[in-house]
Amino acid sequence: MIPVVLDCDPGHDDVFAMLLAAAHPAIDLRAITTVAGNGPLDKVTTNALRVCALAGIDVPVAAGLSQPAAGNAPSIHGESALDGTDLPEPADLLADEDAVTLTERLLDKAGPVTIVATGPLTNVAALLRKRPDLRPRVAFMGGSCGRGNWTPLAEFNIWADPEAADVVLSSGLEVTMCGLDVTHQATATPDVFERLRAMRTPIADRMGDLLRFFASTYDEVFGMPDPPVHDPVAVAAVAAPELLRFVDAPIAVELTGTHTRGATVVDLHGVTGKPANARVALDLDRAEFWDVMLAAVERLG
Ligand code: BDR
Ligand code: CA
């Protein structure tokens, strides 16, 4: 089993990432850490603890950094950052250390832990700045080889903290990017809703509610009624890499562009002559992905 720390900002699709990380048999989920992104830190941390209570996830949850966060995403995730359903009271799992300290301790103790990041890379960069000697693997949801979603060329997680993304991509670590190219293939089509409904469990019902809210905002903002469920794709890249197609490529983060701050500039054809610094996910076996994702929901009961 692969030891994993999930660093997230729940967020509807982050909840799917939490469930997949908690229930996939290939993953040993050691901790959940939170970062400001979809909502401010206090809201996303409370959301993470509520989801732990719902799904019976029993790992430490540590709050991370609230700054810099360029902004939140209420147009997609609502005022609570997780609108659309009723969740239980937060589980009593909040660690008395911060996200960076907890992750540092786990890496010191357990060795090759993989950090799956599904929010801005602020916590991960803070860890790498503090302890450049640590060598986690990092798989993150963010960026794109082409267009963005928060600005024409920047994806939300990278746009929220481009300097942090730059630290991660310049670290020399084994880094996997699951950008919009691949996460836009993880669409929740009507059959996904139907399969959740058919499970008739409290968790599946809540996940259905969350997806309905996510579908309505995605339709409103992006004209996409089958919303892309981005974040669990980064978990799948670790738990079931055979579901994805990857290429190695050099990625630069645009830090100064007048119109393009936060864009990931991916050299897919080697025209810069630079060495690859990441594995970039380009394609997803969508049917298998949903089988694996929904099996995890079912396993949690
Ligand atoms: C990313 O931004 C957030 O709104 C989602 O949770 C996901 O991590 C998609 O661009
Ligand atoms: Ca997220």
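Structure: see above.
Okay, so let's go over this structure. Within each chain, residue numbers correspond to sequence positions counted from 1 in written order. The order in which chains are written sets their letters, starting at A; the order in which ligands are written sets their numbers, starting at 1. Note on the predicted model: pLDDT of at least 70 is required for a residue's local features to be given, and 80 or more for side-chain atom pairs to be given and counted; whole-chain, interface and lining totals, by contrast, use all residues. Note: side-chain values were computed over all heavy atoms of the structure, leaving out hydrogens and water.

**Topic: the site of ligand 1**
Part 1 of the reasoning: Nearness is judged by heavy atoms alone; a residue qualifies as near a molecule or strand once a single heavy atom is within 4 Å of it. Looking at ligand 1, the residues that line it are Asp13, Asp14, Asn38, His77, Thr118, Met141, Asn149, Glu155, Phe156, Asn157, His230 and Asp231.
Part 2 of the reasoning: Separating an oxygen atom of ligand 1 from a side-chain N or O atom of Asn157 is a distance of 3.0 Å.
Part 3 of the reasoning: The definition of a polar contact used here is a pair of N or O atoms within 3.5 Å, where within protein one atom must be able to donate a hydrogen and the other to accept one, and adjacent residues in sequence count solely through side-chain atom pairs. Asp231 is positioned such that a nitrogen or oxygen atom in its side chain is 2.6 Å from an oxygen atom of ligand 1.
Part 4 of the reasoning: Whether a set of points on the 1 Å grid over the protein atoms alone is a cavity depends on a 1.4 Å probe fitting there but being unable to get out, while an open set qualifies as a pocket with protein on both sides within 12 Å along at least five of seven lines; lining residues are those with an atom within 4 Å of a point. More than half of a molecule's atoms lying within 2 Å of a cavity's or pocket's grid points is what places that molecule inside it. Under a 2 Å grid-point criterion requiring more than half of the atoms, the pocket assigned to ligand 1 is the largest cavity.

**Topic: the layout of surface pockets**
Part 1 of the reasoning: Grid points are joined across faces, edges and corners, and a volume is the space filled by probe spheres set on the points. Estimated volume of the largest pocket: approximately 160 Å³.
Part 2 of the reasoning: Every residue lining the largest pocket is listed: Ile2, Thr114, Arg137, Val138, Ala139, Glu174, Thr176, Ala237, Val238 and Arg279.
Part 3 of the reasoning: Helix and strand definitions follow DSSP, with helices as H or I runs of at least four residues and strands as E runs of at least two, each counted in order from the N terminus. When contributions to the lining of the largest pocket are tallied by element, the ones reaching two or more residues are β5 (137–141) and α11 (232–239).
Part 4 of the reasoning: The element best represented in the lining of the largest pocket is β5, accounting for three residues.
Part 5 of the reasoning: Amino acids outside the nonpolar list (Ala, Val, Leu, Ile, Met, Phe, Trp, Tyr, Cys, Pro) and the charged list (Asp, Glu, Lys, Arg) are all regarded as polar, and Gly is one of them. Class assignment for the residues of the lining of the largest pocket results in five nonpolar, two polar and three charged.

**Points about the packing of helix α9 (residues 190–199) against helix α12 (residues 286–299)**
Part 1 of the reasoning: Running from amino to carboxyl end, α9 crosses α12 at an angle of 20°, the nearest separation of the two axes being 11 Å. Taken together, α9 and α12 sit at an angle that is classed as roughly parallel. Here α9 runs over α12; the crossing is right-handed. Taken together, the residues of α12 that come into contact with α9 (itself represented by Asp191, Val192, Arg195, Leu196 and Met199) are Arg286, Trp290, Asp291, Leu294, Val297 and Glu298.
Part 2 of the reasoning: The class makeup of the residues in the contact of α9 with α12 is six nonpolar, no polar and five charged. Working convention: axes come from line fits to C-alpha atoms, limited for helices to the stretch in contact. Angles between N-to-C directions cover 0 to 180 degrees. When describing relative orientation, an angle under 35 degrees is termed roughly parallel and one over 145 degrees roughly antiparallel, while 65 to 115 degrees is termed roughly perpendicular and anything else oblique. Left-handed describes a crossing whose near helix is turned anticlockwise from the far helix through less than a right angle; right-handed describes the clockwise counterpart. Throughout, a residue-residue contact means that at least one pair of heavy atoms, one from each residue, lies within 4.5 Å.

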